[in-house]
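Overview (structure and organization)
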Amino acid sequence: MCGIVGYIGHQGAAALLLDGLQSLEYRGYDSAGLALASGEGAFRVTRASGKLSNLRGKLDLHDPSTQGIGHTRWATHGRPTEENAHPHRSADGKIVAVHNGIFENFLELRRELQAEGAVFQSETDTEAFPVLVAHLMAQGATFTQAFRQSLGKVTGIYALACMHADDPTRVLAARSGPPLVIGLGEGEVFLASDVVPLLRHTRKVIFLEDGDVAELTREGVIVTDLAGNPVVREAQHIPFDPVAAEKGGFKHFMQKEIFEQPQAVSNTLLNRLPVESRDFIPLELPFSESDLRALQRIHIVACGTSWHAGLVGKFLIEQLARTAVEVDYASEYRYREPVIPEGTLIIGITQSGETADTLAAMKEAASRGARTLAICNVMGSSATRLAEATLLTHAGPEIGVASTKAFTTQLAVLTLLALRLGEAKGTVDPALRAELLQGLRSLPAHLEHLSGLEPRLVRWAHQFKEAKDFLYLGRGPLYPIALEGALKLKEISYIHAEGYPAGEMKHGPIALIDRDLPVVALMPKDAHREKTLSNLQEAAARDGRILGLVTAGDPGLSAIAEDVIELPEVHPWLTPILYALPLQLLAYHIAVLRGCDVDQPRNLAKSVTVE
Ligand code: AGP
């Protein structure tokens, strides 16, 4: 939550920082602010509640300052007002700070500082930080010393940037939890919560680690630990194409990202499908064959959409590698003292690689001896650095808050992983393996074909945009896709929706069914088809309005459904990747018709770096 930017160099800082915040707006968008160093012992601080456009309207984009820090907020402590927007200041306005995370002991700190006469202007936890730095400087510490000492006094998690008006040639930054990346240019240095805002300026970046304190000047950066001991952080070259992070003619990032799925899945599979049918799947896993054979069980931890991918992963791994898989919400797993016997692999699935709950669950399992694997879309993110092994999804930057291409690429990686584990354990039937590999090869083309279904889904959207509730039903590997379809709709259209295994409907949700309830039915030709059909008959008998997604040529639902869309026939275990896309489009168009803010839905943020 929250995005941080910083700049120190020779370009106008106002426009540059604002552009940076624009790229980070997915992280939080309820208020924003900038502090620009005037060079005359003061800052020009501009803040605004609401979207970034409000800040843009208040800002002088031609401000001559060439250094400053900025922030876009997702409120945790205090309402999203201008007073609570960052940057926060010390009482004399000399120290400014922006913060992503939570200071858990802020009330205690505030009380101590108030007892010393400090006055606070906001309801936030963050304000305690610049006030504390000023307090320590008043007792004789230098800015840098006071910054470090303050870090020693706060508890919780933070990515922080801080400046002093009398020393505007340096930005101090620190990380303990949320990400922070430094970009290195010629005579200029950039700071941001992720790489995307840096890519317009440089591809040379340094990812700060937990416990790092960085001092940025025009000449470069010095990284130390909390105690001030130098630490070496190698600069890395980032290959992302910045254009991939622009809308490219689409109305919303989400729409663009839905349509990018053929390419994204193709990138996921690139170099990972064996050329010769007898070769092993070349997955970048640092585990030996005997390591893989020794795995007795797998625990998957994730949140939201990534958790749904985990449920599909469980299905695939259990089928192909005959290894028991548990899938848990990361926020539950981390606190339930999980039993982790020897031979357990923990897989953290996380698009961003920064989800606090997922990281904590992975750490918990690692501390109890589990081997660790991250399935992640962001190279260099915390999850990739925490895990022993990483499988990148290569979806490219995903900006829309609702996850789309990140999800289907996670499913593609999980299919490859399940096959790879099955190979190591000798549990995959060669003919099935060949069929799945062939199916994976043709997936991008099938996904491309699905884009042609958009007009049909627009029609569904027009017809059902006023519905109060939706029910999504599927069985087997499509049960998680029913959950995902419902989550997509909820997040961006604010319509209540439930996903259920079709066989479970009769145990309760059936009571909801009446002539106003759209029931989205996922019914490919697979082992569950007949059972699903019976369940849908039950829904139709109660006047439910059935919208079917079926395999091409299957007439099974035509008598009872309001409309049926036919999807290409693929192997049943690959249907999750295919059936997710129309559900994304349906949610997208309903949200557009309802006038919702598709890319930045209310109350959400792209990466949830708090508990
Ligand atoms: C997806 O549409 C959601 N915005 C959300 O559920 C997300 O999947 C979840 O917060 C996990 O994020 P991660 O994959 O970055 O860990």
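Structural data are supplied above this passage.
Figured I'd write up the structure that's included with this text. Computed from a predicted model, the values in this text were never measured in an experiment.

The helix and strand inventory of the protein stands at 18 helices and 24 strands. Against the globule reference of 25 Å for 611 residues, the protein gives a C-alpha radius of gyration of 25 Å, in line with a compact fold. If one aligns the C-alpha atoms of the protein with their principal axes, the spans along those axes are about 80 × 55 × 45 Å. Within the protein, the proportion of its 611 residues that are buried is 60%. In the protein, once contacts between residues fewer than 6 apart in sequence are set aside, the share between residues at least 24 apart is 71%.

Looking now at the site of the ligand. Near the ligand lie 14 residues; those nearest to it are Ser 306, Gln 351, Ser 352, Thr 355 and Glu 491. In the environment of the ligand, an oxygen atom lies 2.6 Å from a nitrogen or oxygen atom belonging to the side chain of Ser 352. One of the backbone nitrogen or oxygen atoms of Val 401 is found 3.1 Å away from a nitrogen atom of the ligand. A total of 410 Å² of accessible area belongs to the ligand in isolation, and the protein chains cover 91% of it. Classifying every residue of the shell around the ligand gives four nonpolar, eight polar and two charged.

Here the focus is helix H7 (residues 261-269). Within H7, the full set of buried residues consists of Gln 261, Pro 262, Ala 264, Val 265, Thr 268 and Leu 269. The arc that holds the buried residues of H7, viewed along the axis, is 165°, so those residues lie on one side. The inward-facing, buried residues of H7 abut helix H6 (253-259), helix H13 (405-425), helix H14 (430-450) and helix H18 (575-593). One or two positions beyond H7, positive phi appears at Asn 271, with a value near 65°.

Right, let's get into the environment of Ile 102. Note that Ile 102 resides in strand E6 (residues 95-103). As a C-alpha pair, Ile 102 and Leu 489 span 387 residues in sequence and 30 Å in three-dimensional space.

A word on the environment of Gly 6. Within the element layout of this structure, Gly 6 appears in strand E1 (residues 3-8). Placed 156 residues apart in sequence, Gly 6 and Cys 162 show a C-alpha to C-alpha distance of 9.1 Å.

Turning our eyes to something else, we now look at the packing of aromatic side chains. One pass over the full model with this rule turns up nine aromatic pairs. Feature note: the residues Phe 103, Phe 129, Phe 147 and Tyr 158 constitute an aromatic cluster, connected by ring pairs. The ring of Phe 280 is capped by Arg 420, whose NZ or CZ atom sits 4.8 Å from the centre of that ring. Residue placement shows Arg 602 over the ring face of Tyr 494; its charged tip is 3.8 Å from the ring centre.

Further remarks concern helix H17 (residues 529-541). The end-to-end C-alpha distance of H17 is 18 Å, a good match for the 18 Å that 13 residues give at a rise of 1.5 Å each. Taken as a whole, H17 has its buried residues at Arg 529, Thr 532, Leu 533, Asn 535, Leu 536 and Ala 539. Along the axis of H17, the buried residues cluster in a sector spanning 165°; they form a single face. In H17, the exposed positions that point more than 90 degrees away from the buried face belong to Glu 530, Lys 531 and Ala 541.

Counting 92 residues, the largest nonpolar core has Ile 347, Leu 417, Leu 440, Phe 470, Tyr 472, Ile 481 and Leu 522 as its most contacted members. In terms of residue count, H18 provides more of this core than any other element does, 12 residues in total. Apart from residues no more than four positions distant in its own chain, Leu 417 is found in contact with Leu 283, Leu 285, Ile 347, Leu 373, Ile 375 and Leu 391.

We now examine the pattern of salt bridges. For the coordinates displayed, the defined rule picks out 31 salt bridges. Notably, a salt bridge pairs Glu 354 with Arg 175, separated by 3.7 Å at the nearest N-O pair. Within this pair, whereas Glu 354 is found in the loop between strand E17 (344-350) and helix H11 (356-367), its partner Arg 175 is found in strand E8 (residues 171-176), the two being separated by 179 residues in sequence. When sorted by exposure, Glu 354 lands in the same class as Arg 175, which is buried.

The next point concerns the sheet that holds strand E10 (residues 189-192). Taken together, eight strands build an open sheet; the order of strands is E3-E2-E4-E1-E10-E9-E11-E14 and the sheet is antiparallel. Each end of this open sheet is capped by a strand with a single partner; those strands are strand E3 (43-49) and strand E14 (236-237). Relative to the sheet, helix H1 (residues 13-24) contacts E1, strand E2 (31-37), strand E4 (67-73) and E10, its axis offset from that of E1 by approximately 155°.

The side chains of a regular strand alternate between both faces of the sheet. Note: strand E20 (residues 469-474) against strand E21 (residues 496-501), six bridges, orientation parallel. For Asp 469, the partnering residue across the bridge sits in E21 and is His 496. Of the crossover connections in this fold, the one passing from E20 over helix H16 (residues 479-493) to the parallel E21 is right-handed.

What follows concerns the packing of helix H4 (residues 128-138) against helix H5 (residues 143-153). Closest axis-to-axis distance for the H4/H5 pair is 8 Å, and the angle between their directions is 125°. With respect to their mutual orientation, H4 and H5 come out oblique. Read as a crossing pair, H4 and H5 show a hand that is right-handed. Contact with H4, carried on its side by Phe 129, Leu 132, Val 133, Leu 136 and Met 137, involves Phe 143, Ala 146, Phe 147, Gln 149, Ser 150, Leu 151 and Lys 153 of H5 and no other residues of that element.

Before going further, it helps to examine the side chain of Gln 351. As for its position among the elements, Gln 351 is in the loop between E17 and H11. If sequence neighbours within four positions are ignored, Gln 351 has contacts with Ser 306, Cys 376, Asn 377, Val 378, Glu 398, Ser 403, Ala 406, Gln 410 and Lys 606.

We now examine the sheet that holds strand E22 (residues 518-523). On the basis of which strands lie adjacent, the open sheet formed by five strands has the order E21-E20-E22-E23-E24 and parallel pairing. Pairing within the sheet leaves two strands with one partner each, and these edge strands are E21 and strand E24 (561-567). Across the sheet, the axes of successive neighbouring strands diverge by a mean angle of 15°, strand direction being ignored. Sheet contacts for H17: E20, E22 and strand E23 (545-551); angle to E22, the most-contacted strand, approximately 170°.

Right, let's talk about unusual backbone geometry for a bit. The linkage connecting His 86 with the following residue, Pro 87, adopts the cis geometry, with an omega of 0°. As for its position among the elements, Pro 87 is in the loop between E4 and strand E5 (88-89). Positive phi, close to 50°, is recorded for Arg 322, a residue that is not glycine. Here Arg 322 shows up in the loop between helix H9 (304-321) and strand E16 (324-329). The exposure class of Arg 322 is exposed, given its relative accessible area of 57%. Phi at Asp 543 is positive, roughly 75°, even though this residue is not glycine. Mapped onto the fold, Asp 543 is located in the loop between H17 and E23.

Basis of the calculations
Residues numbered from 1 in each chain as written. Predicted model: local features only at pLDDT ≥ 70, side-chain atom pairs only at ≥ 80, totals over all residues. Heavy atoms only, no water. Helix = DSSP H or I, 4+ residues; strand = E, 2+ residues; numbered from the N terminus. Rg over C-alpha atoms; globule rule 2.2 N^0.38 Å. Buried < 20%, exposed > 50% of the residue type's maximum accessible area, 1.4 Å probe, protein only. Contact = heavy atoms within 4.5 Å. Near = heavy atom within 4 Å. Polar contact = N/O pair within 3.5 Å; in protein donor to acceptor, adjacent residues only side chain to side chain. Areas by Shrake-Rupley, 256 points an atom, 1.4 Å probe, with all protein chains shown as cover. Nonpolar A, V, L, I, M, F, W, Y, C, P; charged D, E, K, R; others polar. Arc of directions from axis to C-beta. Phe/Tyr/Trp six-rings, centres within 6.5 Å; stacked < 30°, edge-to-face > 60°. Lys NZ or Arg CZ within 6 Å of the ring centre and 35° of its normal. Expected span 1.5 Å × (residues − 1). Core = buried A, V, L, I, M, F, W, Y, C linked by side-chain atoms within 4.5 Å. Salt bridge = Lys/Arg side-chain N within 4 Å of Asp/Glu carboxyl O. Pairing = 2+ DSSP bridges. Axes fitted to C-alpha atoms, helices over the stretch in contact; angles between N-to-C directions. Right-handed = clockwise from strand over helix to strand, strands pointing away. Parallel < 35°, antiparallel > 145°, perpendicular 65-115°, else oblique. Left-handed = near helix turned anticlockwise from the far one by under 90°.

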